[in-house]
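Working through the structure, step by step
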Amino acid sequence: MSRGSLGARILPAIVLWALVAAGNVSGEGFKVTAIDVQGASRVPPDSIRQAMSTKVGQDLDLGKIREDIKAISRMGYFRDVTIDSEEEPEGFRLTVVVT
């Protein structure tokens with residue numbers, strides 16, 4: 001991942017905006033409902049999930065998401081890593097996109 005990657009900056013901003021709009025900047029009460037992985041042909045998706053500190057069922061934590069992007073990048077297999085989010089009734093579905 002290149003330093004200052006657009007994806008690494010946009011996701012936290014979008015998620016933060018959603019939390020502010022909902023009146024909850026900390027993310028407390030917004031659970032991670034699923035973590036999907038797209039684009040992982042060199043590494044099993046479970047290996048990417050294991051590199052992440054964010055786990056399904058935890059409260060959404062923007063700091064952890066930023067660290068997860070760094071941890072996945074440090075695996076050395078990908079030139080770009082982004083994490084997208086989709087709001088669901090129970091919380092947020094995260095999608096890790098690697099290229």
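In what follows, the accompanying structure is described. (Residues numbered from 1 in each chain as written. Predicted model: local features only at pLDDT ≥ 70, side-chain atom pairs only at ≥ 80, totals over all residues. Heavy atoms only, no water.)

Looking at the pairing of strand β3 (residues 91–98)
Applicable threshold: Note on classification: 1.4 Å probe, protein chains only; a residue is buried when its accessible area is under 20% of the maximum for its type, exposed when over 50%, partly exposed between these limits. Comment: elements are numbered from the N terminus, with helices defined as DSSP H or I runs of at least four residues and strands as E runs of at least two. If DSSP finds at least two bridges between two strands, the strands pair.
Summarising burial for β3: 6 of the 8 residues are buried, a large majority. The sheet contact formed by strand β1 (residues 31–38) and β3 spans 7 bridges and is parallel. Paired with Val37 across the two strands is Val96, which belongs to β3. In terms of strand pairing, strand β2 (residues 81–88) meets β3 through 8 bridges, oriented antiparallel. Directly across from Asp84, in β3, lies its bridge partner Thr95.

Describing the sheet that holds β3
As a reminder, the rule being used: The convention used is that axes are lines fitted to C-alpha atoms, helices contributing only their stretch in contact, and that angles between N-to-C directions extend from 0 to 180 degrees.
Read across the open sheet, the 3 strands follow the order β1-β3-β2; overall the sheet is mixed. The open sheet has two edge strands, β1 and β2, and neither has a second partner. The average angle at which neighbouring strand axes cross in this sheet is 20°, direction not considered.

Concerning the environment of Ile83
Relative to the helices and strands, Ile83 resides in strand β2. Remark: the alpha-carbon pair of Ile83 and Ile69, spanning 14 residues in sequence, is separated by 7.4 Å.

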